[in-house]
Amino acid sequence: MKRWLSKAEESLGNHSDRLNAINIFPVADGDTGTNLYQTVRAAARAAHDADTSDLGDLLAIAGMAAMEDARGNSGTLFAVFLAALAEPLHGTTRLTCTLLASSLHRAQIRSWSALSDPVPGTMLSVLEASARGAAETAAAHTADDSNLALALTLRSSVQQALRAVVQTESQLGALTAAKVVDAGGVGFLLILDALRAAALGEELQDELLDGLHGYDIQAPHIHNGGDADGVEVMCTINLSPLDAATLRLHLDELGDSVIMSAVTEVPEGYRWRVHVHVPDAAPALALIHQAGEPVNITVTQLAAPATGAEARDS
């Protein structure tokens, strides 16, 4: 698992510019690659420092670190994915095909439910396809805990994810018009292939990306900057489930791309990671402060790269 997150960090670092270039949906702010890379890097560092052989505990630690430092839609969804992936793995020290299928299924459910308005043709669709591929292969190897069964399941999961990435172009009008596949979906494919490579002791499959529309180095740089209005607001806050549901409802009325996911249980209820795109930060921040005492507040202009455009309040 430590090797996986390290490989994923390296892979996303190598591909972040191309991912940024095809970042069209939900807003063309050209930072999907950067956001995924920075979020995965936080997870990888936390995992590296964790002293445990329990797979669930290790990924839970990495997931919490990713959640606290999540960037953008893609980074937040990866953090949700990682935290959910950990749940079926608590108490285990070895990954099997059955555990992998169970973990991906849990992550799929949690990721879809974290968004107020989940949309097919995105990172969510790629995650769903990867979980389906793992489940189908694992079902054919019931009670088979061999490395071979795990290898087959991992490869099936990656191949289904690749097919889903290709399909994203036809699922979203904005991607169809730009003739590109979804950036978040490609990023998740890279993360999943890093898991395959780390678990099986193999190399990353760079050829997976060959022919993806808009992704080749010679393809034009789609994102030109300055074409996304509004701001992205993110924070962490302790709320009861009822108060969290109320805050989500109000944020839905103000903006879009609302993501709320429970990080961990606290006396007040849960620690939540909140993400929303709004025309103006002030009303959203007022609602958040009315709900509780937020920390790690980040306000980022959507029309500009994340670096240099953030304001933080801890």
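You'll find the structure just up there.
Below is a short write-up of the structure. (Residues numbered from 1 in each chain as written. Predicted model: local features only at pLDDT ≥ 70, side-chain atom pairs only at ≥ 80, totals over all residues. Heavy atoms only, no water.)

## Quick word on a negative patch on the surface
A cluster of like negative charges, contributed by Asp117, Asp252, Glu253 and Asp256, occupies part of the molecular surface. Within the secondary structure, Glu253 sits in helix 10 (residues 241-254). (Patch = residues over 30% accessible without salt bridge, like charges linked within 9 Å, V, L, I, M, F, W, Y side chains within 5 Å. Areas by Shrake-Rupley, 256 points an atom, 1.4 Å probe, with all protein chains shown as cover. Salt bridge = Lys/Arg side-chain N within 4 Å of Asp/Glu carboxyl O. Lys, Arg positive; Asp, Glu negative; His and termini not counted. Charge placed at Lys NZ, Arg CZ, Asp CG, Glu CD. Helix = DSSP H or I, 4+ residues; strand = E, 2+ residues; numbered from the N terminus.)

## A look at the packing of helix 10 against helix 11 (residues 281-291)
Axes are the key here: two packed helices are described by the angle between their axes and the distance separating the axes. Their axes nearest at 10 Å, the elements helix 10 and helix 11 cross at an angle of 175°. When the axis of helix 10 is compared with that of helix 11, the two are roughly antiparallel. When helix 10 is examined against helix 11, the residues Leu247, His250, Leu251 and Leu254 are found in contact with a partner set consisting of Pro283, Ala284, Leu287, Ile288 and Ala291. (Axes fitted to C-alpha atoms, helices over the stretch in contact; angles between N-to-C directions. Parallel < 35°, antiparallel > 145°, perpendicular 65-115°, else oblique. Contact = heavy atoms within 4.5 Å.)

## With respect to the nonpolar core
Counting residues in each nonpolar core, the largest one holds 77 residues, and the members touching the most others are Trp4, Leu5, Phe78, Phe81 and Val186. In this view, Phe81 contacts Trp4, Leu104, Ala107, Ser111, Leu127 and Phe188; residues no more than four positions away in its chain are not counted. Listed in part, the 20 residues of the second largest apolar core include Val231, Val258, Val276 and Leu287. (Core = buried A, V, L, I, M, F, W, Y, C linked by side-chain atoms within 4.5 Å. Buried < 20%, exposed > 50% of the residue type's maximum accessible area, 1.4 Å probe, protein only.)

## A word on the side chain of Gln160
Within the secondary structure layout, Gln160 lies in helix 7 (residues 147-171). By relative accessible area, Gln160 is classed as buried at 19%. Setting aside residues no more than four positions away along its own chain, Gln160 makes contact with Ala129, Arg132 and Gly133.

## Thoughts on the pairing of strand 3 (residues 269-278)
The element strand 3 is extensively covered by neighbouring structure, given that 8 of its 10 residues are classed as buried. In this sheet, strand 3 lies alongside strand 1 (residues 231-239) in antiparallel orientation, the contact comprising 9 bridges. Counterpart to Glu232 in the pairing with strand 3 is His277. Of the pairings in the sheet, the one linking strand 2 (residues 256-266) to strand 3 comprises 8 bridges and is antiparallel in character. Within strand 3, the residue paired with Ser261 across the bridge is Arg273. (Pairing = 2+ DSSP bridges.)

## What to know about the layout of surface pockets
Taken as a whole, the largest pocket encloses approximately 420 Å³ of empty space. Lining the largest pocket are 27 residues, with Phe25, Pro26, Asn73, Leu115 and Ser257 positioned closest to its centre. Here the lining of the largest pocket is built from residues that sort into 9 nonpolar, 11 polar and 7 charged. In this model, the second largest pocket occupies a volume close to 210 Å³. For the lining of the second largest pocket, the elements supplying multiple residues, two or more each, are helix 1 (2-21), helix 7 and helix 9 (183-200). For the lining of the second largest pocket, the per-class residue count stands at 8 nonpolar, 2 polar and 2 charged. (1 Å grid on protein atoms, 1.4 Å probe; cavity = no way out; pocket = protein on both sides within 12 Å on 5 of 7 lines; lining within 4 Å. Points joined across faces, edges and corners; volume = space filled by probe spheres on them. Nonpolar A, V, L, I, M, F, W, Y, C, P; charged D, E, K, R; others polar.)

## Things to note about the packing of aromatic side chains
To describe a pair of aromatic rings, you give the distance between the ring centres and the angle between the ring planes. Within the structure shown, the criterion is met by 3 aromatic pairs. Pairing Phe81 with Phe188 gives two aromatic rings, centres 5.1 Å apart and planes at 90°, and the pair type is edge-to-face. With Phe81 in helix 4 (residues 72-86) and Phe188 in helix 9, this residue pair connects regions lying 107 residues apart in the sequence. Phe81 sits in the buried class, given a relative accessible area of 2%. Judged by its relative accessible area of 1%, Phe188 falls in the buried class. One aromatic cluster is present, formed by Phe78, Phe81 and Phe188 through successive ring pairs. (Phe/Tyr/Trp six-rings, centres within 6.5 Å; stacked < 30°, edge-to-face > 60°.)

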